[in-house]
Number of protein chains: 2
Amino acid sequence: MSGNQKPARRDAAATQRRILDAALSEFATQGHGGARVDRIAEAAGVSKPMIYSYFGDKEELYKAALKESYVQIRQGERAIDTDHMSPEDAIRELVTFTMHHFISKPWFTSMLNTENLRKGVTVQEIDDLNDIQSPLISQLGEILDRGVAEGRFRPGVDPTELYITIASLCFFPVSNKYTLRVVFNVPIDDAWLKRRAEDAGRMVLCFLRPEPDAGSG
Amino acid sequence: MSGNQKPARRDAAATQRRILDAALSEFATQGHGGARVDRIAEAAGVSKPMIYSYFGDKEELYKAALKESYVQIRQGERAIDTDHMSPEDAIRELVTFTMHHFISKPWFTSMLNTENLRKGVTVQEIDDLNDIQSPLISQLGEILDRGVAEGRFRPGVDPTELYITIASLCFFPVSNKYTLRVVFNVPIDDAWLKRRAEDAGRMVLCFLRPEPDAGSG
DNA sequence: ACAGTAACTTACTATTTGGTAGATTGGAAA
DNA sequence: TTTCCAATCTACCAAATAGTAAGTTACTGT
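Residues numbered from 1 in each chain as written. Chains lettered and ligands numbered in written order. Predicted model: local features only at pLDDT ≥ 70, side-chain atom pairs only at ≥ 80, totals over all residues. Heavy atoms only, no water.

### Quick word on the overall build of chain A
Rule in force here: What counts as a helix is a DSSP run of H or I of at least four residues, what counts as a strand is a run of E of at least two, and both are numbered from the N terminus. Only protein chains enter the calculation, and the probe is 1.4 Å; a residue is then buried if its accessible area is under 20% of its type maximum, exposed if over 50%, and partly exposed in between. Should any heavy atoms of two residues lie within 4.5 Å, those residues are counted as being in contact.
Across its full length, chain A carries ten helices and zero strands. Mapped from its N terminus to its C terminus, chain A presents α and β elements in the order α-α-α-α-α-α-α-α-α-α. Overall, chain A is about 65 × 40 × 35 Å in size when its C-alpha atoms are taken along their principal axes. In chain A, buried positions account for 52% of the 217 residues. Look at the contacts in chain A between residues 6 or more apart in sequence, and 70% of them connect residues 24 or more apart.

Printed below as a string of structure tokens:
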């Protein structure tokens, strides 16, 4: 899981990186309260004092790991280009990306859950909100405007709320797959989730289509 | 939070109940790894050996708390009666109930997240799956059948998948409200979530309406 | 009244955990 | 080559933690 290179002796930056990766993995799999600094040290291939020297204490390390998980998804989001697509295809693309990210970077959903269990005490302390906010919101705004201009989407849909809708449909079946499998006997695997993403795209588009009675606040 | 009555001396059943309630609260707020048996004992107003005597060890206590959180939602679900409603109203009712339950029983979403962080190792060990499975699935199946028969819903929709869709739309904004508030600056409160439930109902109904190209596997 | 036992507590242990003091080592600059 | 500091480690501590042994207390049936 934590793909450590050979220690590359005396490289402070690389060491910090290894610690951060190990911390992200540990916090994501064990939660905040279940994470162990000793395990992080071992997984990173360093001694404990390195961690305290570079990151301060467990809380600061957690903060760094939480921020890192956001930074990763935002990087991915910035790489999406939907300008050349039809509004419908653009929406489908965003849904597909979101689902794929949740599937392929499982620590992201885990960190979100862990942080919300703590009522967001740490996410509030992250200084640079810019590193954390999603570039997808404004992109989604443009897509919606284009769709409305072309008469394919209804007006009055808030981009942030739409983003939350998309995230909802992708997040839940990924994050809760273990309990869903047992409780409902659903064979959730990557193929099942891919089909789910297609359904989610259809559902969102259906919701966006201009129709007499579909209005919202 | 843990509304303890007066200890009612020497009442084993009541004591077990207090321990279970305290455990549910502790595991839900602190996670599996962060939960402390000493805190549970204090919140329940008992000494630690009581817990070990009645529940075995921390793991078994966690299992009891997890099961309890399912039992609670299933009880609520069983009380819903949609037989006299139109298919549309019935769907809206289920969505409203689901959202309301997630809002009013926050430990349920927390326990689901905690258990999924652990890859569902404990939920697998719950013997009586019947206590855990949702009666809403079959109810949803009947509603769908009725809707199809009346020509108001398209055929071929799987009740379990629809249930997951409804749960997705309600779960995410409730479970992740703390990070959403900070990261997207969304004023998520009970009123916001109620509006969200209405949107979710609309979206689901729009997805169910019979239309030329909306078919699914 | 008086056993007998279920309910409950005090006081303890072994281990784990976050965190630190102080020594050591490698590499770059002089 | 020597100096010096950043990078790193060994060895440790105090507190917290899951779990238990052994005792005490209140109810119940006789």
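Next comes the rest of the account.
### Re the protein's contact with DNA strand D
The criterion, for reference: Throughout this document, a residue counts as near a molecule or strand when at least one of its heavy atoms sits within 4 Å of that molecule or strand. Each residue gets one label: Ala, Val, Leu, Ile, Met, Phe, Trp, Tyr, Cys and Pro are nonpolar, Asp, Glu, Lys and Arg are charged, and the others, such as Gly, are polar.
Taken together, 20 residues lie around DNA strand D, and Ser47 of chain A together with Arg10, Arg36, Lys48 and Tyr52 of chain B are the ones closest in. Sugar and phosphate atoms represent 56% of those atoms of DNA strand D found within 4 Å of the protein. Secondary-structure elements contributing two or more residues to the surface near DNA strand D are α1 (12-34) and α3 (48-55) of chain A together with α2 (37-44) and α3 (48-55) of chain B. Residue composition of the surface near DNA strand D, by class: nine nonpolar, two polar and nine charged.

### Quick notes on a negative patch on the surface
Rules: Every patch collects residues that have over 30% relative accessible area and no salt bridge, joining them within 9 Å if they carry like charges and within 5 Å if they are nonpolar side chains (Val, Leu, Ile, Met, Phe, Trp, Tyr). In short, Shrake-Rupley with a 1.4 Å probe defines the accessible areas, and a residue's cover is counted only from the protein chains shown. Take a side-chain nitrogen of Lys or Arg and a carboxyl oxygen of Asp or Glu: if they are within 4 Å of each other, that pair is a salt bridge. Counted as positive: Lys and Arg. Counted as negative: Asp and Glu, with His and the chain ends omitted from the count. For this purpose, a charge sits on NZ of Lys, CZ of Arg, CG of Asp or CD of Glu.
Taken together, the side chains of Asp81, Asp83, Glu142 and Asp145 of chain A define an acidic patch exposed on the protein surface. Mapped onto the elements, Glu142 of chain A comes out in helix α7 (residues 136-149).

### Some details on the packing of aromatic side chains
Definition in use: Note on aromatic contacts: the rings of Phe and Tyr and the six-membered ring of Trp form a pair at centre separations within 6.5 Å, being stacked when their planes are under 30 degrees apart, edge-to-face when over 60 apart, and tilted otherwise. Look at NZ for Lys and CZ for Arg. If either is within 6 Å of the ring centre and within 35 degrees of the ring normal, a charge sits over the ring.
The tally for this structure, following the rule as stated, stands at twelve aromatic pairs over all chains. On the numbers, 5.1 Å between centres and 75 degrees between planes, the contact of Phe27 of chain A with Tyr62 of chain A is edge-to-face. Separated by 35 residues along the polypeptide, Phe27 of chain A in helix α1 and Tyr62 of chain A in helix α4 (residues 58-78) bring together distant segments of the chain. In this structure Tyr62 of chain A comes out as buried when scored by relative accessible area, which is 0%. Members of the aromatic cluster, joined through ring pairs, are Tyr70, Phe102, Phe108 and Phe171 of chain A together with Phe172 of chain B. Taking NZ or CZ as reference, Arg118 of chain A lies 5.0 Å from the ring centre of Tyr62 of chain A, over its face. The aromatic ring of Phe207 of chain B is capped on one face by Arg154 of chain B, whose charged end is 4.6 Å from the ring centroid.

### Observations concerning the state of the cysteines
Rules: When two cysteine sulfur atoms are found within 2.5 Å, that pair is recorded as a disulfide.
For the structure shown, the criterion picks out one disulfide over all chains. Linked covalently through their sulfurs, Cys206 of chain A and Cys206 of chain B form a disulfide whose S-S length is 1.9 Å. On the S-S bond that ties Cys206 of chain A to Cys206 of chain B, the torsion sits near -135 degrees, and the link is left-handed. Highlighted residues: Cys206 of chain A in helix α10 (residues 190-208) and Cys206 of chain B in helix α10 (residues 190-208), drawn from two different chains. With relative accessibility at 5%, the residue Cys206 of chain B sits in the buried group. Free cysteine: Cys170 of chain A, not disulfide-bonded; nearest cysteine sulfur from Cys170 of chain B at 16 Å. Overall, Cys170 of chain A belongs to the buried group, its relative accessible area being 0%.

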